[in-house]
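Examination of the molecular architecture
Chain residues, written in single-letter form:
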Amino acid sequence: MDASSSQAVRVRRKTTPWAFQVAVNRLKQAIPTIACVLVVNFFLVRLIPGDPVDAFVAKAQGADQAFKDHIRHEMGLDEPIWVQFGIYLSKVAHLDFGWSFQNSAPVLDVILLRLWPTVLLLVFSIGVSLLGGVFLGVTAARYSQTWKDRTIAFMSMVLYAMPAFWIGLSLIVVFSVKLRLLPVGGFDTVGSGKTGIAYALDVGRHMTLPALTLGLFYLAVYTRLVRASMFELLDSDFVRTARAKGLSERTVLWRHMLPHALLPLLTLVGVQLGSLLSGVIVIETVFSWPGLGRLTFQAALQRDYNVLLAILLMSTVLVVCANLIVDLLSAWIDRRMDVN
Amino acid sequence: MEPLLQFWRRYRQNRGAVFGLAIVLTASAMALLAPWLFPGDPRRIAGAPYIAPFVTWQFPLGTDQLGRDIFVQLFYGARVSLLVGIAASLVTALIGCTIGALAGFYGGRLGALLMRGTEMFQTIPDIMLALVLVTILQASLLSVIISIAIVSWTTVARVTRAEFLKFRSQDFVLACVVMGMPSWRIIVSQIFPNVLPPIVVMTSIIAAGAILAESSLSFLGLGDPNSVSWGMMTGAGRSVFRNAWYVSGIPGLAILMAVLGINLVSDGLNDALNPRRRER
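The written sequence of each chain sets the order in which its residues are numbered from 1. As they are written, the chains are lettered A onward and the ligands numbered 1 onward, keeping that order. Local features in a predicted model are, by the rule used here, given only for residues with pLDDT of at least 70; side-chain atom pairs are given and counted only at 80 or more, and totals for whole chains, interfaces and linings are based on all residues. The basis for every side-chain value is the complete set of heavy atoms in the structure, and neither hydrogens nor water enter the calculation.

1. Considering the side chain of Ser229 of chain A
Residue and element names in this part refer to chain A. Segments assigned H or I by DSSP are reported as helices when at least four residues long, segments assigned E as strands when at least two residues long, and all are numbered from the N terminus. Topologically, Ser229 is positioned in helix H9 (residues 196-233). Here the term buried applies to any residue with accessible area under 20% of the maximum for its type, exposed to any over 50%, and partly exposed to those in between, with areas from a 1.4 Å probe on protein chains only. Taking relative accessible area as the criterion, Ser229 reaches 13% and is therefore assigned buried. Leave out the neighbours within four places in its chain, and Ser229 touches Ala261 and Pro264. Residue contacts are counted whenever heavy atoms from the two residues lie within 4.5 Å of one another.

Written as structure tokens, this is what we have:
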């Protein structure tokens, strides 16, 4: 959110509920974005060389021309491209994303099945990286210019440079292959027949490594940001005042400085959600995690247009929704700081 | 010569940055010397498969599952990674600076429109879009470079716009307007030199990100199939990493070092270009 719009929110807040106002502002931005994504996605994906009929037929060990034409007609691929686009739009409006030939199921079903493992993975890794990043960033600021600070700065620098798939492979080698502590990949133990808490624990064990891999990179990003913003605040007047009042260092850091450092952090989380979802592609592929990322990769390789279109749209909508939550959170923190 | 020396004096105060520069120079040397030191196809079968690193002088870093020399491939991989890093960051800077400068200088409707477009691009998951683009454009180095540039220009555009906004209403710019200088000359010759430092730093960060992005795409098997890259080596070794970690471990380490080196250099550039900020 830029300065002028947050200003607008601040003025209007007195008359309308602030949360409503923030939501309206974000939606005003989101609707053209989603519309553009629809257009861009559709035409981009149609430009991919090769068509899904050939890929489908190849999987079915070949077929004659009549059968191919039948499938092509059934998928609407023989219509002019703008007609295809019109059909696409009206179907999207009805939440009908077509049929996935690779999965032999409606696209919506395929995606909904894969959506929740990805959301679970994202929530856990964002949680881990945010908590860890805040803790490490504040610790670095507290012990600035000592060995603790330098170690944290160095570690986050190294983590920041690590390719995610490489972290994943290393963690597998150490924790799965050598120590045999955690499973190599997958969502749950196949055929274990576990239910309830035992099942949740099983999924948790499978999720630990992928969530850690995804989280570590962002842990580094968030640590760097929190550390930098805390450093900027160290000499400011309100911090000096708080110290002069005789408040403990801990109170000054956590209660007075951290809220200011949280705002840029939240903004960054919002901006990076798209790339976080992208990171999921590589990590889910490494860990065979049955989520949207792995589905994207498979759909691109198999030319499963319908699935690819729907995932791109779905992930954009996901980012927009998450951005709304981020906006609400930052407006809430902003308000609290105003009151103070 | 004198300003360059001064610049170096400021730069070398950051010891990490000097270390980073050493890494970057080593990688560049590897890239430049590869065909001269190891003529022939780097992917030819050179010896027995699965020779561990540091066992024989003939293959200092061992061989992969097909008996290809990892050491030699590492040198050739440096060519691809650095080329992608440099080319993608330059294209990114070009797109980002143009859009950011137009948005910042003209503002108003054009600026709002451009920024709306930038936000839109930021919302679309980047590697996901790059993956689609690489698939559309066919896997080649050029398409990898273009795809990475298309998904990463937004940060440069935002930084450039913010900097242009800062300078837009300053006296020397207004003086140029009064003199009747054409807008494009004000943008290029008056404001741009002033906003160059943060853009240079940003571009070097983008280069590191581009190397990471290329490695991700190659790891997934979507890179240029005709050239050896570090990401591709890591991906190829993935199927055997339980028994032979080094096949994917060593190229992964190379990516890590190169990206770390470039990030350290950009830190150093930041310090050297903004001497006032460092003293805080």
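2. Points about the interface of chain A and chain B
One widely used convention gives an interface's size as the accessible area the parts lose upon coming together. Each partner contributes to the interface: chain A provides 46 residues, whereas chain B provides 40 residues. Reported buried area values correspond to the accessible surface (1.4 Å probe) lost by two parts on association, with both partners' losses combined. Buried surface at the junction of chain A and chain B, both sides included, amounts to about 4000 Å², of which 77% is carbon and sulfur. It is Met157, Phe165 and Trp166 of chain A that lose the most area in chain A upon contact with chain B, and together they represent 15% of the buried surface on that side. By salt bridge we mean one thing: a side-chain nitrogen of Lys or Arg within 4 Å of a carboxyl oxygen of Asp or Glu. Counting the contacts that link chain A with chain B gives zero salt bridges. Polar contact criterion, stated in full: a pair of N or O atoms within 3.5 Å, where within protein one must be able to donate a hydrogen and the other to accept it, and residues adjacent in sequence count only if both atoms are side-chain atoms. If you look at where chain A meets chain B, you find five residue pairs in polar contact (both at pLDDT 80 or more).

3. Quick notes on the confidence of the model for chain A
Residue and element names in this part refer to chain A. Looking at chain A as a whole, its pLDDT mean stands at 80, while 89% of the residues score no less than 70. At the level of individual helices and strands, chain A shows its lowest average pLDDT in helix H1 (residues 3-12), which scores 48, and its highest in helix H6 (residues 107-142), which scores 89. On a range of 0 to 100, pLDDT expresses the predictor's confidence in each residue. Note on residues 1-5: pLDDT is under 50 here. Beyond four places in sequence and across chains, it has two contacts.

4. Here's the deal with the packing of aromatic side chains
Aromatic pairs are defined between Phe, Tyr and Trp rings, using the six-membered ring for Trp, whenever the two ring centres lie within 6.5 Å; interplanar angles under 30 degrees are classed as stacked, those over 60 as edge-to-face, and all others as tilted. Tallied over the full model, the rule gives 15 aromatic pairs over all chains. A ring pair is formed by Tyr160 of chain A and Phe217 of chain A, whose centres lie 5.6 Å apart and whose planes are at 5 degrees; its orientation type is stacked. Taken together, the residues Tyr160 of chain A in helix H7 (residues 147-161) and Phe217 of chain A in helix H9 connect sequence positions 57 residues apart. Aromatic pair Phe165 of chain A and Phe219 of chain B: ring centres 4.2 Å apart, planes at 10 degrees, arrangement stacked. Taken as a pair, Phe165 of chain A in helix H8 (residues 164-178) and Phe219 of chain B in helix H8 (residues 183-219) lie in two separate chains rather than in one. Accessibility classification places Phe165 of chain A together with Phe219 of chain B in one group, the buried group. Linked through ring pairs, Tyr160, Phe217, Tyr218 and Tyr222 of chain A together constitute an aromatic cluster. Counted as over-ring charges are cases with an Arg CZ or a Lys NZ within 6 Å of the ring centre that also lie within 35 degrees of the ring normal. Over the aromatic face of Tyr143 of chain A sits the side chain of Lys148 of chain A, whose NZ or CZ is 4.1 Å from the ring centroid. Over the ring of Phe231 of chain A we find Arg227 of chain A, and its NZ or CZ is 4.7 Å from the ring centre.

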